[in-house]
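Okay, here's what each chain looks like letter by letter:
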Amino acid sequence: MELRQLTYFVAVAEELHFGRAADRLHIVQSAVSMQIRRLERELGAELFDRSPRRVRLTGAGERLLPEARAVLAAAEKARAAVAPQAGLRIGTSTGLGTHLDRVLAAFAHHAPDVPVELHSLPVAERLARVAGGRLDAAFVRAVEPVPGVRVHPLWPDPLVAALPTTHPLAGRPEIGVGELAGLPLALTERRNNPALVDLIVGACRDAGFEPLPGPSPGSLQDTLAGIGVRPLWTVVYASHARVLHSPRVTFVPFRAPGLALATGLAVSAVTPPPHLDALLLACDDHEG
């Protein structure tokens, strides 16, 4: 007796029609009929009363049906027991820095058998993929509400100023935003990160000046390289600055109350992802 034969038997028993059962199984009707005949010969009993007008279960077929379903359910349970566990797909950005390392370490402690796939994407793409079910979760900062997405608040992410190491302000333990008024600001376009741009430009205006536009920035690495050879400044998340190493660039904290953006975890508002509790617990643990 084969599992395939039991699968075909259950399909015919539920459809009470060989043609419909074959369509449901995506095979030809002759293959279904052949396997049912083999099963009947092996069991020594007819399972179906076949007539030109209808198909009915015999007494033997009725007794076999619940047993066949139980065998197929047990086989599926056995497959699931040894199948690789579904991974967690998480959207990230480069600015997460040490936060990401610590969250992943804490998650591995809480869910050691769950693999994690990381996808570094622009924030709009991260949110779109979460809403569409192509990501299970994504780290985001200060985003506007998105239909179908819920954001769990996590932690504030402080920003630091990136300055040429040779600049006098680079030797300070902390600086005020107003002290940067004479330096051009290299900042991404607002459409790329509206929350960040609005925060920095707003802080400059609150300090009494309009920021001088610096050269059009490319990647963060390009921007830092430019700061290393000319008088410019930009902002970097403190968690990311801790993993950046450039002898020509110095990262200086802003004077209290400082500048920060709130980081959150975006997930589907309709279907919460698997292992969400473990991931949120890891996000809580990582700061400890």
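Below is a summary of the structure that appears in this document. (Residues numbered from 1 in each chain as written. Predicted model: local features only at pLDDT ≥ 70, side-chain atom pairs only at ≥ 80, totals over all residues. Heavy atoms only, no water.)

### Notes on the packing of aromatic side chains
With the rule as written, the count across this model stands at three aromatic pairs. Between Phe9 and Phe48 the ring centres are 5.5 Å apart and the planes differ by 50°, which places this aromatic pair in the tilted class. Taken as a pair, Phe9 in helix H1 (residues 3–15) and Phe48 in strand E1 (residues 48–50) lie far apart in primary sequence, 39 residues in all. Each member of the pair, Phe9 as well as Phe48, carries the same accessibility label: buried. For the ring pair Phe18 and Phe48, a centre distance of 5.8 Å and an interplane angle of 70° mean the geometry is edge-to-face. A residue pair is termed long-range when its members are at least 10 positions apart, and Phe18 in helix H2 (residues 18–25) and Phe48 in strand E1 qualify at 30 residues. Classification of Phe18 as buried rests on a relative accessible area of 8%. Taking the relative accessible area as the measure of exposure, Phe48 reaches 0% and is therefore buried. Members of the aromatic cluster, joined through ring pairs, are Phe9, Phe18 and Phe48. In this structure, Arg141 packs its charged tip against the face of Tyr237, placed 3.5 Å from the ring centre. (Phe/Tyr/Trp six-rings, centres within 6.5 Å; stacked < 30°, edge-to-face > 60°. Helix = DSSP H or I, 4+ residues; strand = E, 2+ residues; numbered from the N terminus. Buried < 20%, exposed > 50% of the residue type's maximum accessible area, 1.4 Å probe, protein only. Lys NZ or Arg CZ within 6 Å of the ring centre and 35° of its normal.)

### Let's talk about helix H10 (residues 276–285)
Among all positions in H10, only Leu276, Ala278, Leu279, Leu280, Ala282 and Cys283 are buried. Contact partners of the buried residues in H10: strand E3 (88–92), helix H5 (98–110), strand E5 (137–141), strand E6 (149–164) and strand E11 (260–268). (Contact = heavy atoms within 4.5 Å.)

### A closer look at the environment of Leu261
Summarising the element assignment, Leu261 is placed in strand E11. Classification of Leu261 as buried rests on a relative accessible area of 8%. Sequence separation of Leu261 and Ala142 is 119 residues, and the distance between their C-alpha atoms is 6.2 Å. Not counting chain neighbours up to four residues away, the residues in contact with Leu261 comprise Arg141, Ala142, Trp155, Pro156, Asp157, Ala195, Leu196, Leu199 and Tyr237.

### Some details on helix H4 (residues 59–82)
If you check H4, its first and last C-alpha atoms are 36 Å apart, about what 24 residues at 1.5 Å a residue would give, namely 34 Å. Regarding H4, the residues found buried are Ala60, Gly61, Leu64, Leu65, Ala68 and Ala75. The secondary structure elements touched by the buried residues of H4 are H1, helix H3 (29–43) and strand E2 (55–57). (Expected span 1.5 Å × (residues − 1).)

### Describing the side chain of Thr58
Position of Thr58 among the secondary structure elements: in the loop between E2 and H4. Not counting chain neighbours up to four residues away, the residues in contact with Thr58 comprise Glu46, Leu47, Phe48 and Asp49.

### Observations concerning the pattern of salt bridges
One pass over the structure, following the stated rule, counts 18 salt bridges. Between Arg24 and Glu15 there is a salt bridge, with the nearest N and O atoms lying 3.2 Å from each other. Of the residues examined, Glu15 reaches a relative accessible area of 24% and is grouped as partly exposed. Between Arg56 and Asp49 there is a salt bridge whose closest N-O contact spans 3.1 Å. (Salt bridge = Lys/Arg side-chain N within 4 Å of Asp/Glu carboxyl O.)

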